[in-house]
There are 2 protein chains.
Amino acid sequence: MDQNLIDFTTQVVDECLPGKSIDCVIIGFEKQQLKVLLLKWKYEDIWCLPGGFIRKDEDMDQAAQRILEMRTGLKSVYLNQFYTFGSKKRSRLNEEVQLTRMRHVLEEIHGKNEKFVTWITQRFITTGYFALVDIRKTAPHPDMLSDRCEWKSLSNIPGLMMDHKEIILKVMEHLRVQLNYLPIGISLLPQKFTMQDLQKLYEAILKKPLERSNFQRKMLKLGFFIRHEKQLTGAANKAPYLYSFDEMKYNELIEKGIGFRY
Amino acid sequence: MDQNLIDFTTQVVDECLPGKSIDCVIIGFEKQQLKVLLLKWKYEDIWCLPGGFIRKDEDMDQAAQRILEMRTGLKSVYLNQFYTFGSKKRSRLNEEVQLTRMRHVLEEIHGKNEKFVTWITQRFITTGYFALVDIRKTAPHPDMLSDRCEWKSLSNIPGLMMDHKEIILKVMEHLRVQLNYLPIGISLLPQKFTMQDLQKLYEAILKKPLERSNFQRKMLKLGFFIRHEKQLTGAANKAPYLYSFDEMKYNELIEKGIGFRY
DNA sequence: TTCTATTGTGCTATAATGACACAATAATAT
DNA sequence: ATATTATTGTGTCATTATAGCACAATAGAA
């Protein structure tokens, strides 16, 4: 048992709001797949969303920012609250954790900081935030209770703690609606991208194929894409153009509300 | 000081989650205007949303239902969570209340139940729920801390506690988006209504006028309205038909996602 | 040079939208 | 009775959006 951990637990109990947590669904897009950043618990094959607690002296939104930055190293990305989960069963005491080695870890902490174990095993209400990030700009790293922090494909999510699976499903539903109002590609794609990249992103979120030529036209008609040089892929076919977002025009149009639908 | 109040405060502190509340924006529609149900504090000219706390043994959604029922007498109406408000300033200690008679009330309670005053004046994070109800079916009544409970027109909201004004603004934004996915008229209008009633409701939510004849066509094409007898208004002009929702067809189409836009 | 796979644009049929026209009609005024 | 008035239900039409398919352009391989 590491002294840092003891210090951390003491600090959490003293400085954070009880029974109230934040979980971040940090979403990225790579190789035509949506991914979510997950942590694996030490000693156990249980994964969870990166989360944390709200300090008594900070706004909930600030807490979400802090947790996101701690986890990805990113500041000022697209981060939004989407839902609060308040089932009465949301307590670590209801977890299979009780039967596993993680229980021993808690007991070991208990010996040194009984208050923390009581605190952490109470019923929690958690507010979900989602962040859209460019995977290539992140440097994820595990925290004190985890030994791995990895991007996991949405189509292949490992076993998750408590209701974290439900939280991820909820955010995807939310994203599908948001897609009609926000061109979220700007956050998930690298600065320059092809129309195919953008289309695959839309298809991944909507979980349905879109007609290629019409998709391209519809996007370009929005008027905030800048066309750059072609991207020579090495393949034996016509090379696609690269595009980027014209942030000026983009912001103008967001103000008005985008308003398209698939 | 009434014994009920003392019992109530004791019960709240013992049986509810600390620092976590629910506020309900209960929305109705009458005389072509959107209304919201508000409570007026005893002794003070300060209004607030009907709210409450989450018992340790109930889901947050259940708590919202309970609070709604307590306030309006209505069960099983359209009730949904929409956002959680977590500013660090969300405490009754930051209220002008300190300078007013309400402070004396708290102090009076303090004399009898010090724990409650500490509890109630801590920082709260509140989750907003909104309910859509048929005003004609409600029988609002004030609670122990209020002396009035009234429907207030959205265009004429009185001075509100803390961030309750912000909460109402947020829910209206949310409603505007939801309007594209849910025909919320079914909850806000009486069983039979005219197309004009429905149009005025849409206009109130969207805060913009809609073209009458196109609105009517668009709605009827959705296919879940039943036409009834005409409504003789007494006016010197053609009488409009009354319509109601065909719940069967309505539910079928909701499943698929409505999908229209204004 | 030919071939292949993919891209950017063209074309057309169909549906949705917005703006306005107009006949039908319930009650009132004459 | 008849004309008048305001409002409703439906018609029309131009414009725009959508979906489906066609096809030429083209980067590299054969």
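Only a predicted model underlies this, so the values are computations on that prediction, with no experimental measurement involved.

(A) Representation of the pairing of strand β1 (residues 16–30) of chain B in the model. Residues and elements named next belong to chain B. Within β1, 13 of the 15 residues are buried, which leaves it mostly tucked inside the rest of the structure. Bridging between β1 and strand β6 (residues 125–132) involves eight bridges; their strand directions are parallel. Bridge pairing in β6 places isoleucine 22 opposite threonine 127. One ladder, built from four bridges, connects β1 with strand β2 (residues 33–41); its direction is antiparallel.

(B) Structural context of the packing of aromatic side chains. Residue and element names in this part refer to chain A. Considering all chains together, one arrives at 30 aromatic pairs over all chains under this definition. Cation over ring: lysine 170 sits above tyrosine 83, and NZ or CZ is 3.9 Å from the ring centre. Here the basic side chain of arginine 227 rests over the ring of tyrosine 241, its NZ or CZ set 4.0 Å away from the ring centre.

(C) Seen up close, the side chain of Glu203(B). Residue and element names in this part refer to chain B. The residue glutamate 203 is located in helix α7 (residues 195–206) in this model. Within the local environment of glutamate 203, its side chain forms a polar contact with the backbone nitrogen of leucine 210, the two atoms lying 2.8 Å apart. Residue contacts for glutamate 203: discarding those within four places in its chain leaves Lys208, Pro209 and Leu210.

(D) Main features of the domain arrangement of chain A. All names here are of chain A. Domain boundaries assigned for chain A yield domain 1 (3–178) and domain 2 (185–256). Each of domain 1 and domain 2 was reduced to a C-alpha centroid, and the two centroids are 32 Å apart. Listed by partner, the interface residues are 12 residues for domain 1 and 12 residues for domain 2. Interface area for domain 1 against domain 2, summed over the two sides, is near 1100 Å², with a carbon-plus-sulfur share of 68%. Of all residues in domain 1, Phe29, Gln32 and Arg176 bury the most surface against domain 2, accounting for 50% of the area lost on that side.

What counts as what
Residues numbered from 1 in each chain as written. Chains lettered and ligands numbered in written order. Predicted model: local features only at pLDDT ≥ 70, side-chain atom pairs only at ≥ 80, totals over all residues. Heavy atoms only, no water. Buried < 20%, exposed > 50% of the residue type's maximum accessible area, 1.4 Å probe, protein only. Helix = DSSP H or I, 4+ residues; strand = E, 2+ residues; numbered from the N terminus. Pairing = 2+ DSSP bridges. Phe/Tyr/Trp six-rings, centres within 6.5 Å; stacked < 30°, edge-to-face > 60°. Lys NZ or Arg CZ within 6 Å of the ring centre and 35° of its normal. Polar contact = N/O pair within 3.5 Å; in protein donor to acceptor, adjacent residues only side chain to side chain. Contact = heavy atoms within 4.5 Å. Domains from an automatic or database assignment. Buried area = accessible area lost by both parts, 1.4 Å probe.

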